[in-house]
Amino acid sequence: IQTVYIATIKILYLNLIKKSVEYLKSESYNSQIYVMDYIKRESDFKPNDVIKNMGPFIAQYIANNLKCTTQIYNNNLDLLGESKDSEGINYNEDVVAAVNGNKCYKIYKNFQKRYILFSSPIYSGDESIGCIRYIYDLEEDMLVVKKTIYSVFLVIISLTALSLILNNILSKEILSPIIKLKKASYNLKNGIKDKKIEIDTNDELYELGETFNEMSENLEVYIKTLKEEKEKQYRFFNNATHQLKTPLTSIIGYSDLIQRISNNKEGNMIEVFINVDKSMAHLIVDK
């Protein structure tokens, strides 16, 4: 964002300079024509004398149609006239280029103010006899840039805040189904059966939630089946144990009876108590 901000301001500033230079360039042609026509009308005088004597008038006349200070120079770089004080501008490379027949401009900074110094040659026939210099104050244009900077800054701050809010909302919408799935998975791992997960999205998360619900239901059915099988095995074991217990008890009792009969040689009668299925059976056996 900072890069975009700086680039926007720089582009705005460069476009402002370009527009101002194009404006001065266009006006310089009109001024050149005016001065050249004026010199022709004063044909009784030498061109250098004309601009020397009429320099202040020419500078003021040109400035009346423009929104900048105007100066007139001769080939010797002497200031012949200016529409108003130039505020101590001591730069003259643009003037040197102009008296040599070239249009030239320079961005000049003085006392925290910026100017465009634009110089255009004055011709008499094919010979350059001086130049017209335009001192264009950029302060008004810089105010536009500053206001734009503040506006862009406020827009960027607003967009950043809006982006954070929207990002927070979208993050919650995206993370909410994931958090639900995570919680349900944790509960399922600990044997806690949650209700069916409701995910109100129409994307892959919805499909994932439905798949998780199906898995949870299938796992519940599987666990229930295992419990039923375990219960069946328990009942089968109890029944089998009971069925084996009854004949074994009888066999044990008869074995004990036979042993007693074999050990009792004197008596004719043997009274035997046999423990059968937790009850006592009374037997009298004739030897």
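Residues numbered from 1 in each chain as written. Predicted model: local features only at pLDDT ≥ 70, side-chain atom pairs only at ≥ 80, totals over all residues. Heavy atoms only, no water.

K.L.:
Please explain the overall build of the protein chain as it appears in this structure.
P.N.:
Along its length, the protein chain carries five helices and seven strands. What you see in the protein chain, going N to C, is helices and strands ordered as α-α-β-β-α-β-β-β-α-α-β-β. Residue pairs at least 24 apart in sequence account for 50% of intrachain contacts in the protein chain once pairs closer than 6 positions are excluded. Counting every atom, the protein chain has about 20300 Å² of accessible surface; 57% of that belongs to carbon and sulfur. (Helix = DSSP H or I, 4+ residues; strand = E, 2+ residues; numbered from the N terminus. Contact = heavy atoms within 4.5 Å. Areas by Shrake-Rupley, 256 points an atom, 1.4 Å probe, with all protein chains shown as cover.)

K.L.:
Help me understand the pattern of salt bridges, please; the structure alone is not making it clear to me.
P.N.:
Any two side chains of opposite charge can pair, so long as their charged atoms come close to each other. Under the defined criterion, the tally for this structure stands at three salt bridges. Linking Arg-133 and Asp-94 is a salt bridge whose minimum nitrogen-to-oxygen distance equals 2.8 Å. Separated by 39 residues along the polypeptide, Arg-133 in strand β5 (residues 127–137) and Asp-94 in helix α3 (residues 93–99) bring together distant segments of the chain. Since its relative accessible area comes to 1%, Arg-133 is described here as buried. Taking relative accessible area as the criterion, Asp-94 reaches 1% and is therefore assigned buried. With a closest N to O distance of 3.3 Å, Asp-137 and Lys-113 form a salt bridge. In this pair, Asp-137 sits in strand β5 while Lys-113 sits in strand β4 (residues 113–124), placing the two residues 24 residues apart along the sequence. Residue Asp-137 is classed as partly exposed on the basis of its relative accessible area, which comes to 29%. Relative accessible area serves as the criterion here: at 24%, Lys-113 is assigned to the partly exposed category. (Salt bridge = Lys/Arg side-chain N within 4 Å of Asp/Glu carboxyl O. Buried < 20%, exposed > 50% of the residue type's maximum accessible area, 1.4 Å probe, protein only.)

K.L.:
Would you take a moment to explain the environment of Gly-125 for this structure?
P.N.:
Here Gly-125 lies in the loop between β4 and β5. For Gly-125, a relative accessible area of 56% corresponds to the exposed category.

K.L.:
Help me out: how do you make sense of the sheet that holds β4 in this one?
P.N.:
Strand pairing in a sheet is mediated by backbone hydrogen bonds. Such pairs are either parallel or antiparallel. The antiparallel open sheet is built from five strands, whose spatial order is β2-β1-β5-β4-β3. If you trace the sheet from one side to the other, it starts and ends with β2 (79–82) and β3 (104–110), each paired once. For this sheet, the mean angle separating the axes of adjacent strands, direction not counted, is 25°. As judged from the six bridges shared by strand β1 (residues 69–74) and β5, these two strands associate in the antiparallel manner. Across the sheet, the residue bridging to Gln-71 is Arg-133, located in β5. (Pairing = 2+ DSSP bridges. Axes fitted to C-alpha atoms, helices over the stretch in contact; angles between N-to-C directions.)

K.L.:
Help me out: how do you make sense of the side chain of Ser-31 in this one?
P.N.:
On the secondary structure map, Ser-31 appears in helix α1 (residues 2–41). Owing to a relative accessible area of 6%, Ser-31 belongs among the buried residues under this scheme. Engagement of the side chain of Ser-31 in a polar contact is seen with the side chain of Tyr-134, the distance being 2.9 Å. (Polar contact = N/O pair within 3.5 Å; in protein donor to acceptor, adjacent residues only side chain to side chain.)

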